[in-house]
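A look at the structure
Chain residues, written in single-letter form:
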Amino acid sequence: MNARTYFVYILASPSRVLYVGVTNGLERRVYEHREKQVSGFTSRYNVTRLVHFEEFDRIEDAIAREKQLKKWNRAKKVRLIETANPLWKDLSED
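Described below are features of the structure shown in this document. What you see as residue numbers is a count from 1 along each chain, following the sequence as written. It should be noted that, the model being predicted, local features are given only for residues of pLDDT at least 70 and side-chain atom pairs only at 80 or more, the latter also being counted only at that level, while totals for whole chains, interfaces and linings use all residues. In computing side-chain values, all of the structure's heavy atoms are included and hydrogens and water are not.

**Overview of the overall build of the protein**
Across its full length, the protein holds four helices and three strands. Helix and strand assignments come from DSSP, with helices taken as H or I runs of at least 4 residues and strands as E runs of at least 2, each series counted from the N terminus. The secondary structure elements of the protein, listed N-terminal to C-terminal, are β-β-α-α-β-α-α. C-alpha atoms define the radius of gyration in this analysis, and the globule rule sets the expected value at 2.2 Å times the number of residues to the power 0.38. The globule rule puts the C-alpha radius of gyration for 94 residues at 12 Å, and the 13 Å found for the protein is close to it. Its C-alpha atoms give the protein principal-axis dimensions of about 40 × 30 × 25 Å. By the convention used here, residues are in contact when the closest approach between their heavy atoms is within 4.5 Å. Long-range contacts, defined as pairs at least 24 residues apart, comprise 61% of the intrachain contacts of the protein with a sequence gap of at least 6. For the purpose of counting charges, residues Lys and Arg are taken to be positive, whereas Asp and Glu are taken to be negative. His and the chain ends are not included. Note that the charge is assigned to NZ on lysines, CZ on arginines, CG on aspartates and CD on glutamates. Each charge class in the protein can be summarised by its mean position, and for the 18 positive and 13 negative side chains these summaries are 8 Å apart.

The following block contains the structure:
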């Protein structure tokens, strides 16, 4: 039995550039983005603030949700974020 938890997350930059990802260790992954240990898009655009996340018991479900969110347009992603986090607070600070 797999007791792992998987996360789909959305990070934002101070200017609200968005990034969608999936991980099995949310705290570790956000730390890696924040410390620029992940080269590429997030480090180039300073995308470091956790503004939305969802938990899943199965990796297949998490990956399917990540793919769904990546296909969404920006406005739809913004609505999702602002439903639970209207001030775009960095949720990793809690």
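This is not the end of the story, as more comes after the structure.
**Notes on the nonpolar core**
Counting 15 residues, the largest nonpolar core has Val 8, Ile 10, Leu 18, Val 51, Leu 69, Ile 81 and Trp 88 as the members making the most contacts within it. When residues of this core are assigned to their parent elements, the largest contribution, four residues, is made by strand E1 (residues 6–12). Counting seven residues, the second-largest nonpolar core is a separate cluster that includes Phe 7, Leu 11, Val 47 and Leu 50. By convention a nonpolar core is built from buried Ala, Val, Leu, Ile, Met, Phe, Trp, Tyr and Cys residues, the set being connected through side-chain atoms within 4.5 Å. Whether a residue is buried, partly exposed or exposed follows from its accessible area with a 1.4 Å probe, protein chains only, as a fraction of its type maximum: under 20%, in between, or over 50%, in that order.

**Some points on the side chain of Glu 54**
Note that Glu 54 resides in strand E3 (residues 49–56). A relative accessible area of 16% means that Glu 54 is categorised as buried. A distance of 2.7 Å separates the side chain of Glu 54 from the side chain of His 52, its partner in a polar contact. Apart from residues lying up to four places away in sequence, Glu 54 is in contact with Tyr 6, Phe 7, Val 8, Arg 65 and Leu 80. Side-chain atoms alone can form a polar contact between residues adjacent in sequence; in general such a contact is a pair of N or O atoms within 3.5 Å, and within protein one must be able to donate a hydrogen while the other accepts it.

**Considering the packing of aromatic side chains**
Only centres within 6.5 Å qualify two rings of Phe, Tyr or Trp (six-membered ring in Trp) as a pair; their planes then separate them into stacked at under 30 degrees, edge-to-face at over 60, and tilted for everything else. Under the definition given, this model contains four aromatic pairs. Plain terms: the ring middles of Tyr 19 and Phe 41 are 6.3 Å apart, the flat faces sit at 25 degrees to each other, and that makes the pair stacked. One end of the pair, Tyr 19, is in strand E2 (residues 18–23); the other, Phe 41, is in helix H2 (residues 41–44), and 22 residues separate them in sequence. A centroid spacing of 4.9 Å and a plane angle of 45 degrees characterise the contact between Phe 41 and Tyr 45, whose relative ring orientation is tilted.

**Looking at the pattern of salt bridges**
Definition used for salt bridges: Asp or Glu carboxyl oxygen within 4 Å of a side-chain nitrogen of Lys or Arg. For the coordinates displayed, the defined rule picks out six salt bridges. For Glu 32, the salt bridge is made with Arg 29, and the minimal N-O distance between the two is 2.9 Å. Of the two residues, Glu 32 and Arg 29 are both situated in helix H1 (residues 26–34); the distance of three residues between them amounts to about one turn of the helix. Residues Glu 32 and Arg 29 agree in their burial class; the two are buried. Between Lys 70 and Glu 66 there is a salt bridge, with its nearest N and O atoms 3.3 Å apart. With Lys 70 and Glu 66 both in helix H3 (residues 59–71), this residue pair falls four residues apart, about one helical turn.

**Observations concerning helix H4 (residues 74–84)**
Within H4, burial applies to Lys 77, Val 78, Leu 80 and Ile 81. Within H4, the buried residues cover an arc of 160 degrees as seen down the axis, which keeps them to one side. Every exposed residue of H4 that faces more than 90 degrees away from the buried side is listed here: Arg 79 and Thr 83. In this structure, the buried side of H4 is in contact with E1, E2, E3 and H3. It is the directions from the helix axis to the C-beta atoms that the arc portrays.

Everything listed here is a matter of geometry and, on its own, says nothing about what the molecule does.
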